[in-house]
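Residues per chain are reported as follows:
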Amino acid sequence: TGEDFARLAAEVTTTVPADAQLLVVAGPLAVSANEVAGVSSYLSAGGKVVALLDSPVQLQGTGGDVQPFEDYLAQSWGIQLPADVIIDLAHSAYINNQPQPLIPVSDSYGSSPITSKMQGLATLFPIARSVVISGTAATFPDITYVALVTTDAAAWGETDFNSLSSDSGPSFGDGDMQGPLTIAATAENSKTTARLVVFGNSGFAANRFASTNGGANGQLFLNSVNWAAAEESLINLTPRIPTHAPT
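Residues numbered from 1 in each chain as written. Predicted model: local features only at pLDDT ≥ 70, side-chain atom pairs only at ≥ 80, totals over all residues. Heavy atoms only, no water.

In this structure the tally under the stated criterion is four aromatic pairs. Here the aromatic rings of Phe69 and Tyr72 are separated by 6.2 Å at their centres, their planes lie at 10°, and the arrangement is stacked. Linking Phe69 with Tyr72, this pair stays in helix α2 (residues 67–77), spanning three residues, or about one helical turn. With a relative accessible area of 1%, Phe69 lands in the buried category. Taken together through their ring pairs, the aromatic side chains of Phe125, Phe199, Phe204 and Phe221 make up a single cluster. Taking the ring centre of Trp227 as reference, the NZ or CZ of Arg195 above it sits at 4.5 Å. (Phe/Tyr/Trp six-rings, centres within 6.5 Å; stacked < 30°, edge-to-face > 60°. Helix = DSSP H or I, 4+ residues; strand = E, 2+ residues; numbered from the N terminus. Buried < 20%, exposed > 50% of the residue type's maximum accessible area, 1.4 Å probe, protein only. Lys NZ or Arg CZ within 6 Å of the ring centre and 35° of its normal.)

Moving on: the sheet that holds strand β4 (residues 85–87). Ordered in space as β4-β11-β12, the three strands form an open sheet in which the pairing is antiparallel. Since the sheet does not close on itself, it has two edges, and those belong to β4 and β12 (177–178), each with one partner. With three bridges connecting them, β4 and strand β11 (residues 156–158) associate as antiparallel partners. Note that in β11 the partner of Val85 across the bridge is Glu158. (Pairing = 2+ DSSP bridges.)

Here we come to α2. Those residues of α2 that sit buried are Phe69, Glu70, Tyr72, Leu73 and Trp77. Buried residues of α2, viewed axially, fall in a sector of 160°; they line one side. Of the residues trailing α2, Gly78 is marked for its positive phi of about 70°. (Arc of directions from axis to C-beta.)

When pLDDT drops low, the exact placement of atoms in the prediction is not to be read closely. For the protein, the average pLDDT comes to 85, and 85% of its residues sit at 70 or higher. In the model, residues 4–13 has pLDDT below 50 throughout and makes six contacts with residues more than four positions away in sequence or in other chains. Considering only residues more than four positions removed or in separate chains, one finds that residues 241–247, a stretch of pLDDT under 50, has 16 contacts. (pLDDT = per-residue confidence, 0-100. Contact = heavy atoms within 4.5 Å.)

Right, let's get into the side chain of Thr123. Structurally, the position occupied by Thr123 is in strand β8 (residues 123–124). Within the local environment of Thr123, its side chain forms a polar contact with the side chain of Tyr109, the two groups lying 3.0 Å apart. Each residue touching Thr123, except ones within four places of it in the same chain, is listed here: Pro104, Val105, Ser106, Tyr109, Met118, Ala216, Asn217 and Leu220. (Polar contact = N/O pair within 3.5 Å; in protein donor to acceptor, adjacent residues only side chain to side chain.)

Going residue by residue along strand β1 (residues 23–26), you find Leu23 and Val25 tucked away on one face and Val24 and Ala26 left uncovered on the opposite face. Pairing between β1 and strand β2 (residues 48–52): four bridges, direction parallel. Across the sheet, Val24 pairs through a bridge with Val50, a residue of β2. The parallel pair β1 and β2 is bridged by helix α1 (residues 33–44), and the resulting crossover is right-handed. (Right-handed = clockwise from strand over helix to strand, strands pointing away.)

Encoded structure:
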């Protein structure tokens with residue numbers, strides 16, 4: 001079936017159209033309290049959202065602030081986004097034959113229609129942050145969660161951004177998040193039928209990386225969109241790519 005896509009002009013309105021099948025919130029960008037209120041109303045009515053939220057290190061010097069949206073996700077959905085950036089010295093992408101610890105690579109996926117056909121395929125996430133599922137059956141009884149993409153145990157969430165440009169480089173220390181870390185998570189509200197996919201990164205879906213490793217990144221994004229929009233049948237139309245994680 002044909003689908004229409006349109007940009008929501010937040011400078012004009014923060015109300016998400018009631019007939020919108022899906023809303024994608026992609027960063028790095030600032031999200032105002034008024035915009036969050038619009039997203040909240042949309043999800044409360046059973047809306048579907050895919051959120052690609054970058055590490056605060058991406059927003060340094062831009063004046064951007066996604067804190068209102070982060071607070072909303074924590075309070076209303078039980079999903080937290082620590083102010084960190086993922087470092088992975090063991091499994092990272094290579095550029096010009098040099099490892100890039102700020103671009104973690106993963107082929108570890110949770111049980112979801114989004115990733116059911118991606119086992120053994122590696123996806124990469126440039127300058128990503130961790131996503132923490134803090135909600136439980138007691139605190140959010142109507143919401144079910146899946147840790148969609150996770151790193152290996154050697155990765156950590158670096159909170160000292162100044163260390164990234166230091167001579168010694170970053171190292172695991174006090175306040176950092178110990179791996180394995182979640183890079184993306186899904187949440188579904190059984191009462192409202194709302195669906196939410198949260199990635200701690202937007203760059204993985206950009207043109208530069210979407211076709212990486214045989215298109216695995218692009219496949220992950222499209223599968224996430226189709227699942228969030230309750231179009232699981234379209235996921236089955238996406239061919240499995242016989243590519244494996246780099247060693």
